[in-house]
Each structure stands twice: as structure tokens, then as C-alpha cells.
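Next come the chains, spelled out residue by residue.
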Amino acid sequence: MSEPWLTLVEEWRLQWMLGLQVLLILLVAYVLQRLVVRGLTRVSSRYPLPPELLIPVRGGIRWFIIGGALIMVLERFGVSATVLWTAISGFVAVAAIAFFAIWSVLSNLLCAVLILTVGPFRLGDVVEIVEAFDKPIVKGRVIDINLLYTTLEEVAEAGTGAIVQVPNSLFFQKAVRRWRGTDVQLFNRNLNE
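In the annotation of an unreviewed UniProt entry, the protein chain is listed under the name Small-conductance mechanosensitive channel and assigned to Stutzerimonas stutzeri. Per UniProt, the protein chain carries the Subunit (unreviewed entry) text "Homoheptamer."

K.L.:
Which residues make up the packing of aromatic side chains, and what values do they have?
P.N.:
Across all of its chains, the model carries three aromatic pairs by this definition. Arranged with centres 6.0 Å apart and planes meeting at 65°, the rings of F99 and F100 form a pair that is edge-to-face. Given the relative accessible area of 38%, F99 is considered partly exposed. Take F100: its relative accessible area is 64%, and that puts it in the exposed class. A network of ring pairs unites the aromatic residues F99, F100 and W103 as a single cluster. Directly above the aromatic system of W179 lies the positively charged group of K139, at a separation of 4.5 Å from the ring centroid.

K.L.:
Residues and numbers for the UniProt feature "transmembrane region" (unreviewed entry) in the protein chain, please.
P.N.:
UniProt's feature table lists "transmembrane region" (unreviewed entry) at residues 12–32, 53–74 and 86–116, given in the numbering used throughout. Its end C-alpha atoms 32 Å apart, residues 53–74 is made of 100% helix and 0% strand. For residues 86–116, the helix share is 97%, the strand share is 0%, and the end-to-end C-alpha distance is 42 Å.

K.L.:
Summarise the side chain of T151; cite the residues concerned and give the values.
P.N.:
Note on placement: T151 falls in strand β3 (residues 149–156). Judged by its relative accessible area of 7%, T151 is buried. Residues contacting T151, with those up to four places away along its chain left out, are R141, V142, I143, D144, I163, V164 and Q165.

K.L.:
With reference to specific residues and values, describe a nonpolar patch on the surface.
P.N.:
The grouping of F99, F100, I102, W103, V105, L106, L147, L148 and Y149 at the surface amounts to a nonpolar patch, some 850 Å² of accessible area in total. Of all the elements in the fold, those that place two or more residues in the nonpolar patch are α3 (81–101) and α4 (103–118). If one sorts the elements of the nonpolar patch by residue count, α4 sits on top with three residues. Structurally, Y149 is set in strand β3. The exposure class assigned to Y149 is partly exposed, which follows from its relative accessible area of 33%.

Conventions and cut-offs
- Residues numbered from 1 in each chain as written.
- Predicted model: local features only at pLDDT ≥ 70, side-chain atom pairs only at ≥ 80, totals over all residues.
- Heavy atoms only, no water.
- UniProt positions renumbered as here; feature names shortened; annotations may be inferred.
- Phe/Tyr/Trp six-rings, centres within 6.5 Å; stacked < 30°, edge-to-face > 60°.
- Buried < 20%, exposed > 50% of the residue type's maximum accessible area, 1.4 Å probe, protein only.
- Lys NZ or Arg CZ within 6 Å of the ring centre and 35° of its normal.
- Helix = DSSP H or I, 4+ residues; strand = E, 2+ residues; numbered from the N terminus.
- Contact = heavy atoms within 4.5 Å.
- Patch = residues over 30% accessible without salt bridge, like charges linked within 9 Å, V, L, I, M, F, W, Y side chains within 5 Å.
- Areas by Shrake-Rupley, 256 points an atom, 1.4 Å probe, with all protein chains shown as cover.
- Salt bridge = Lys/Arg side-chain N within 4 Å of Asp/Glu carboxyl O.

Have a look at this one:
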């Protein structure tokens, strides 16, 4: 009868030791992180370091300490650091491949947001994308702006021209000439005279 009682006490003692180890790891990580931040603050007050440098360094060190503490805590619970590192590196590799695969789509989405918020041109304007001053790529009236493309109707002297879909990112990579919707009629009238 005394044997189950001893095993129960031993289990509780092991659980308390595990809890104290985890608490100690977290406490040491917190104190280390505070000491590093305080040290960086002293260094920045003594030497004129730009805040653009200090903010990412502080953040990087903070995440490094938190990550190390997390790995140590997980090791206390029986998770192997090798298995954890393999899982994290596999996830990062897949995420990097996926990011590069959809980079052009993300670029066009961001440029669409910029076009819609900043407004370098709007519906009805005539825009011309040029490679150099004398080498136009495409010219047309803006008839639609969506998240991936800006649709232009090419300006032709004999009426309407072809419909061209230009990736939104191209407007930020090349020089763009723009005529407002009302200015286009004056521009076309001057061309015909």
C-alpha cells in the first residue's frame, strides 16, 4: 500500500521540478532580454547610433532570446530541438518558394492599392507608358482598374483601338505620361488640326 503513495509523491515532485525549470527558463530569458535592451540603450546614448539601426537590432535580439527560451522549454517537455528545427526550416523553405511563386501577383496587388489610393491616374484619363522619352510602349484611355491589371483602350485616330491590359506594377517601373479626361479632347483636337 505504501508503494503507490510513493509513486504519486514522486510524480508530483517531478511535475513541480518541471514547472520550476520552465519558470526559471522564462525568468532568465526575460532578465536577459531586459539587460540586452538596457545595454543597447546605454550604447546608443554614448555613441550616436541611428534609431533605424537600433530598432531592428533590439527586435532581432528579443526574438532570438524568446526563440531560444521556447526551444529550451519544449525540450523540457520532451520535444527534440532537431525535430523542431527541421519542421521550422521546412516551413520556411516552403513559404519562401510560395512567396517567390506569387511575387508578381503580390506586386500587382500592392501597385493596385497604390494606384487607387494615390491616384496617379483615374478612369477616363489617357496614359502613355514610355521606355524612354522617344520610345512609347503603350498609350490608351483608362477604362478599368482592377487588382491585377489596368485596362486601356488604345487611342486610335480612326475611332476606338484595341483593349490592352497592363500589369499594375508596370506603371511604377516605367515613366508614365498622363492627360486628364477633359485634356484628352483638347489633345486629340490639336493632333487632328
